[in-house]
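Now for the letters of each chain:
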Amino acid sequence: MDFRTEVRAWLADHLADTPAPDPRAWERELGKAGWIGIGWPDDGETYGNRRATLPEQVVWAEEYARSTAPARMGHIGENLLAPTLITYGTEEQKRRHLPPVARGESLWCQGYSEPGAGSDLAGIRTTATPDTTTGGYTVTGQKIWTSLARDADFCFVLARTDPGSTRHHGLSFLLLEMDQPGRIEVRPIRQLTGTSEFNEVFFDGARATETVGGEGNGWQVAMGLLARERGVSTLAQQIGFAEELRRVVDAALASGAADDPVIRARLVRQWAELDTMRCHALRTLGTTGDPGAPSVAKLLWGGWHQRLGELAVEAAGEAGAVGPGPWTPDRPYEIDPAQHLFLFSRADTIYGGSDEIQRNIIAERVLGLPREPR
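Source: prediction; values computed, not measured.

### Re the overall build of the protein
Next, step 1: A count of helices and strands for the protein gives 11 helices and seven strands.
Next, step 2: For the protein, whose C-alpha radius of gyration is 22 Å, the value lies close to the compact-globule estimate of 21 Å for 374 residues.
Next, step 3: For the protein, the C-alpha atoms occupy an extent of roughly 70 × 55 × 50 Å along the three principal directions.
Next, step 4: Counting the 374 residues in the protein, one finds 45% classified as buried.

Encoded structure:
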């Protein structure tokens with residue numbers, strides 16, 4: 001049995017004729033079968049992964065995206081924290097944190113963005129002071145746009161450990177448990193879609209037990225982590241984009257919007273740009289050391305997805321302007337998938353680093369242009 005057939009068979013067997021699995025239980029099911037961390041660069045025994053080849057990792061990502069499997073809750077721990085620990089963490093930290101992630105037992109969230117700083121990651125105001133009784137740190141401050149914060153067991157936090165430092169100096173990459181009543185408060189953020197995928201997180205004397213990469217080296221670790229927000233996961237994302245594009249095309253044909261030559265031209269352009277992004281992702285897969293690659297990828301897919309959201313409501317015709325159900329006091333409005341795509345994608349050019357920040361990174365680190373005045 002080849003790898004793709006094995007993946008399809010496993011997913012079909014575990015998803016067929018069953019209700020949508022509980023997200024946390026599903027993570028444990030994936031872990032039990034060895035599907036978490038299949039691309040981690042270790043010996044395959046210490047941390048419990050399969051040591052899949054790069055093509056096999058692509059196959060897994062593609063088949064998962066095509067299946068009816070639920071959205072992953074463990075992707076932050078698997079795809080961001082784990083590779084960062086493997087690169088910068090101690091052996092003790094790897095042994096402590098990687099096996100639970102591989103088993104699907106521990107969920108992580110990312111404490112980077114802060115109010116008032118926008119996408120300026122160097123504008124960190126959250127502070128961490130040494131705790132002489134525990135050997136860790138006491139963390140005070142606020143993070144925002146924190147995905148999965150309500151469900152996460154742990155958080156990796158970028159905090160200022162040198163009180164006299166500015167910008168990217170004096171930062172540390174800290175690990176802490178989220179279950180700290182009275183010290184950590186999580187508040188959901190209601191969005192345009194009516195849902196709350198993101199959260200505010202308030203730290204009031206929270207205890208962080210570990211630092212990764214050493215005190216004061218948080219910027220280097222944080223940049224190393226951000227460089228991993230591409231690669232195989234980008235290809236899986238593009239599978240989802242292709243499905244969304246198919247639905248928009250179907251809607252345009254059904255509503256008659258496809259008769260408009262301008263709409264047809266825009267649909268064709270969306271298809272061509274998505275195919276170009278896939279070719280670019282395949283070409284750069286596995287490459288390292290390009291400081292502009294993550295920013296280029298973010299600029300490409302953020303704008304593309306936002307334009308697709310605009311097309312989605314236009315393709316629906318008049319139906320794009322009204323909701324699928326009546327207004328009720330307990331739910332002021334309902335939206336259909338096309339409207340959700342339109343509203344949610346408005347944030348695509350902001351979260352994960354705004355377009356302005358990405359262009360600055362390319363200008364300064366790739367083209368060698370002068371730094372933006374501050």
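Next comes the rest of the description.
### Brief notes about unusual backbone geometry
Next, step 1: Phi at Trp 145 is positive, roughly 60°, even though this residue is not glycine.
Next, step 2: Here Leu 148, not a glycine, exhibits a phi torsion of approximately 65°, which is positive.

### Here we look at the packing of helix 1 (residues 3–15) against helix 3 (residues 54–66)
Next, step 1: The interhelical angle for the contact between helix 1 and helix 3, taken along N-to-C directions, is 30°, at an axis separation of 10 Å. Both helix 1 and helix 3 take part in a crossing whose hand is right-handed. Contacts between helix 1 and helix 3 involve Phe 3, Arg 4, Val 7, Arg 8 and Leu 11 from the former and Glu 56, Val 59, Trp 60, Glu 62, Glu 63, Tyr 64 and Arg 66 from the latter.
Next, step 2: For the contact of helix 1 with helix 3, the class distribution of residues is six nonpolar, no polar and six charged.

### Observations concerning helix 5 (residues 91–102)
Next, step 1: Here helix 5 spans 16 Å end to end across 12 residues, near enough to the 16 Å set by a 1.5 Å rise per residue.
Next, step 2: Next to the buried residues of helix 5 lie helix 2 (23–32), helix 4 (75–88), strand 1 (108–111), strand 5 (171–177) and strand 7 (198–212).
Next, step 3: Positive phi appears at Gly 104, one or two residues downstream of helix 5, with a value of about 75°.

### So, a nonpolar patch on the surface
Next, step 1: A cluster of nonpolar side chains, contributed by Val 366, Leu 367 and Leu 369, occupies part of the molecular surface with about 280 Å² of accessible area.
Next, step 2: Structurally, Leu 369 is set in the segment after helix 11 (355–366).
Next, step 3: Residue classification places Leu 369 among the partly exposed residues on the basis of a relative accessible area of 46%.

### A word on the side chain of Glu 273
Next, step 1: Relative to the assigned elements, Glu 273 resides in helix 8 (residues 261–284).
Next, step 2: Glu 273 gets classed as buried once you look at its relative accessible area, which sits at 19%.

### Examining the environment of Phe 198
Next, step 1: Its place among the elements puts Phe 198 in strand 7.
Next, step 2: Distance in space between the C-alpha atoms of Phe 198 and Asp 162 is 29 Å, their sequence separation being 36 residues.
Next, step 3: When sequence neighbours within four positions are dropped, the list of residues in contact with Phe 198 reads Trp 145, Thr 146, Ser 147, Pro 188, Ile 189, Gln 191 and Phe 344.

### What to know about the packing of aromatic side chains
Next, step 1: The tally for this structure, following the rule as stated, stands at 13 aromatic pairs.
Next, step 2: With 5.8 Å between their ring centres and 45° between their planes, Trp 10 and Trp 26 make a pair best called tilted. Here Trp 10 is found in helix 1, whereas its partner Trp 26 is found in helix 2, with 16 residues between them in sequence. The two residues Trp 10 and Trp 26 agree in class, both being buried.

### Re the environment of Leu 267
Next, step 1: Checked against the element boundaries, Leu 267 lands in helix 8.
Next, step 2: Since its relative accessible area comes to 9%, Leu 267 is described here as buried.
Next, step 3: Discounting chain neighbours no more than four positions away, the residues touching Leu 267 are Val 248, Val 249, Ala 252 and Leu 311.

### Observations regarding the state of the cysteines
Next, step 1: For the structure on display, the rule yields zero disulfides.
Next, step 2: The structure places no disulfide on Cys 109, whose sulfur is separated from the nearest cysteine sulfur, that of Cys 155, by 3.6 Å.
Next, step 3: Taking relative accessible area as the criterion, Cys 155 reaches 2% and is therefore assigned buried.

### Remarks on the nonpolar core
Considering soluble globular proteins, one finds that nonpolar side chains tend to be buried as a cluster.
Next, step 1: With 44 residues, the main nonpolar core has Trp 60 and Phe 156 as its most contacted residues.
Next, step 2: Broken down by secondary-structure element, the contributors of at least two residues to this core are helix 1, helix 2, helix 3, helix 4, helix 5, strand 4 (154–160), strand 5 and helix 6 (218–226).
Next, step 3: Ranked by the residues each element gives to this core, the list is headed by helix 4, at six residues.

### Considering the packing of helix 9 (residues 293–315) against helix 10 (residues 337–344)
Next, step 1: The N-to-C vectors of helix 9 and helix 10 enclose an angle of 145°; their axes lie 8 Å apart at closest approach. For the crossing formed where helix 9 meets helix 10, the hand is left-handed. Together, His 305, Leu 308, Gly 309, Glu 310, Ala 312 and Val 313 of helix 9 and Ala 338, Gln 339, Leu 341 and Phe 342 of helix 10 make up the contact between the two elements.
Next, step 2: Its residues placed into classes, the contact of helix 9 with helix 10 shows six nonpolar, three polar and one charged.

### Focus on helix 3
Next, step 1: Helix length check: helix 3, at 13 residues, gives a terminal C-alpha distance of 19 Å against a target of 18 Å (1.5 Å per residue), a fit within 8%.
Next, step 2: When helix 3 is considered as a whole, its buried residues turn out to be Gln 57, Val 58, Val 59, Trp 60, Ala 61, Glu 62, Glu 63 and Tyr 64.

### Details of empty space enclosed by the protein
Next, step 1: A full pass over the atoms with the stated rule returns two cavities of 30 Å³ or more.
Next, step 2: Roughly 40 Å³ of internal volume is contained in the second largest cavity.
Next, step 3: Together, Glu 27, Ile 36, Arg 72, Gly 74, Val 101, Gly 104, Ser 106 and Leu 107 line the second largest cavity.
Next, step 4: Across the lining of the second largest cavity, the residue classes break down as three nonpolar, three polar and two charged.

Conventions used here
Residues numbered from 1 in each chain as written. Predicted model: local features only at pLDDT ≥ 70, side-chain atom pairs only at ≥ 80, totals over all residues. Heavy atoms only, no water. Helix = DSSP H or I, 4+ residues; strand = E, 2+ residues; numbered from the N terminus. Rg over C-alpha atoms; globule rule 2.2 N^0.38 Å. Buried < 20%, exposed > 50% of the residue type's maximum accessible area, 1.4 Å probe, protein only. Axes fitted to C-alpha atoms, helices over the stretch in contact; angles between N-to-C directions. Left-handed = near helix turned anticlockwise from the far one by under 90°. Contact = heavy atoms within 4.5 Å. Nonpolar A, V, L, I, M, F, W, Y, C, P; charged D, E, K, R; others polar. Expected span 1.5 Å × (residues − 1). Patch = residues over 30% accessible without salt bridge, like charges linked within 9 Å, V, L, I, M, F, W, Y side chains within 5 Å. Areas by Shrake-Rupley, 256 points an atom, 1.4 Å probe, with all protein chains shown as cover. Salt bridge = Lys/Arg side-chain N within 4 Å of Asp/Glu carboxyl O. Phe/Tyr/Trp six-rings, centres within 6.5 Å; stacked < 30°, edge-to-face > 60°. Disulfide = S-S within 2.5 Å. Core = buried A, V, L, I, M, F, W, Y, C linked by side-chain atoms within 4.5 Å. 1 Å grid on protein atoms, 1.4 Å probe; cavity = no way out; pocket = protein on both sides within 12 Å on 5 of 7 lines; lining within 4 Å. Points joined across faces, edges and corners; volume = space filled by probe spheres on them.

Purely spatial values, then, with no claim about function.
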